[in-house]
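Survey of secondary and tertiary structure
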Amino acid sequence: MSSTRKSARCLAVLGTGSDVGKSIIVTGLCRLYRGRGVDVAPFKAQNMSNNSYVTLDGGEMGRAQIVQAQAARVEPTVDMNPVLLKPSADITAQVIVQGKAIGTRQASEYFADTDALFASARQSLGRLRDRHELIIMEGAGSCGEVNLRSRDFVNFRMAHAADAPVVLVADIDKGGVFAQIVGTMEVIPEEDRQRVAGFIVNRFRGDAALFADGIAWIQQRTGLPVLGLVPWFYHIQIDSEDGMPLDVVIDPPHAPADGRINIAVIRLPHISNFTDFNPLTREAPVALHYLSRPRDLRRYDLLILPGTKNVRSDLDWLRQTGWDQRIVEYVERGGQLAGVCGGYQMLGRAVHDPHGVEGAPGKTDGLGLLDLDTTLAAQKTLTRTIGRWRDLDSPVDGYEIHMGVTRRGADLKSVLDVTARSGQAVHDTDGAASADGRIWGVYLHGLFDGQAARRAFLRRLGPALASELPDDDLATLAEFQDRQYDLLAEHLRQHLDIDAMDRIIGL
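Heads up: these notes are all about the structure in this document.

Some points on the pairing of strand β18 (residues 337-340)
Alternating residues of β18 divide into L337 and G339 and A338 and V340, and every residue in both groups is buried. Sheet analysis places strand β16 (residues 302-305) next to β18, joined by three bridges and oriented parallel. From the neighbouring strand, I304 faces β18, where its bridge partner is A338. Pairing between β18 and strand β26 (residues 439-442): four bridges, direction parallel. Residue pairing across strands places G339 opposite G441, the latter belonging to β26.

So, unusual backbone geometry
Its identity is not glycine, yet Q98 carries a phi of approximately 45°, on the positive side. Mapping Q98 onto the fold places it in the loop between β7 (92-97) and β8 (100-106). Located in the positive-phi region is D251, a residue other than glycine, with phi close to 55°. Looking at the secondary structure, you find D251 in the loop between β12 (226-231) and β13 (261-266).

Focus on the packing of aromatic side chains
Geometry of an aromatic ring pair is reported as the spacing of the ring centres plus the angle between the planes. This model, assessed by the stated rule, comprises 11 aromatic pairs. Arranged with centres 5.1 Å apart and planes meeting at 80°, the rings of Y344 and Y443 form a pair that is edge-to-face. Highlighted residues: Y344 in helix α11 (residues 342-346) and Y443 in the loop between β26 and α12 (451-461), separated in sequence by 99 residues. Y344 gets classed as buried once you look at its relative accessible area, which sits at 3%. For Y443, a relative accessible area of 6% translates into the label buried. Their ring planes at 50° and their centres at 5.4 Å tell us that F448 and F457 sit as a pair that is tilted. Grouping residues by exposure puts F448 and F457 together as buried. Taken together, the aromatic side chains of F178, F204, F211 and W217 make up a single cluster linked through ring pairs.

Quick notes on the rules
Residues numbered from 1 in each chain as written. Predicted model: local features only at pLDDT ≥ 70, side-chain atom pairs only at ≥ 80, totals over all residues. Heavy atoms only, no water. Buried < 20%, exposed > 50% of the residue type's maximum accessible area, 1.4 Å probe, protein only. Helix = DSSP H or I, 4+ residues; strand = E, 2+ residues; numbered from the N terminus. Pairing = 2+ DSSP bridges. Phe/Tyr/Trp six-rings, centres within 6.5 Å; stacked < 30°, edge-to-face > 60°.

Written out as structure tokens, the structure is:
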């Protein structure tokens, strides 16, 4: 890169509230501008999510910026999400700065002084601006939380620091879109109002012509343009930032269906990295249910305990709700049970926490279904991991994010042969399985991302439906995701005033 290259331009995409679609808009803009030949990258100063990922250099960052980086066709770096909060309880979260955990903080402690975090975020943004031509910045929650303004460095404070014009996103599907936009503009101070360049009305349903007078009213009232009325879409699949995808039904009223491979994932209170299971939903014979309330499990072919940011607390929850008994009964009837990361730890005899990683130091009994014990360490394991699924003889490629060190009994077999971690060749194993293979767990996230391993596993799980799982009709996950980003960019191109966006950015 030339030393004379100018610092990248920035555009800040802020919201009138949480879950108004900021992440999706940023993702689409990243692919749209990349498709036009602009070297673009995403940035979010602070993210709050238990859905995280490991970069090539071993840093941890939120998956939303991973998705946006993929859309921009750039390698993700922790500078794209320099501060990540991973909630472990209602008022506590693990704080990760530029990819490394610096400890667990209560909300009051975290917000007491955010200047150092703001400085780290500005440093990261500066590095991104030196490497790219355009940075699409994402805000967090509502940019109009006046009581938090002095401590909020994600929204207007960062936009001011970057001298970035602001596009404000509102969600018409929630209702009250006029109040969202006008209310936000009314409560923010004048210096913030001066930075807002226009609005995007997101998640519209129906005849756009019927909202023409609404657009005119917003523009007349605010003096700023509505840059687009973006319809709700059903034909595009983009990984959700932190909550469950919008089309996922938790605790469906209907029972598992005949003629399907029925898989249930327990919706733990502190569930993390639920995107591990999204690839399963792309397979025609699979029915995937998320369950929070105990129910009859007998007709499920597989039950999964997912990752969790607080395995000890979620073990207590399993007992308080009666899930533990349901799980044991399911296994005793011959059901197949899998655990990923924290779910893997739950399968063992106990989780020891001598350092108080997840609360007060102590020990929590596991489900006792596998002969293994886990000790939570002060140092987090963060690796990109490659190996083979031993029983299936299929390649796997994923990542590990865990505080625990698990020791398995001599009678348990490993699940994966690990051949590389963080780019270095190793001869190791991951996971543990019962002698009959019905109960097993691994630390590896992304286990089902690869088509070969996913389909081999499903053929074994539902052999009667193997014919619905051919070898070559489905694109790889990366190809599938790339197509979704193209579809999203085209969706925005059709419904945004791109010429006006260019003028706002200064392209």
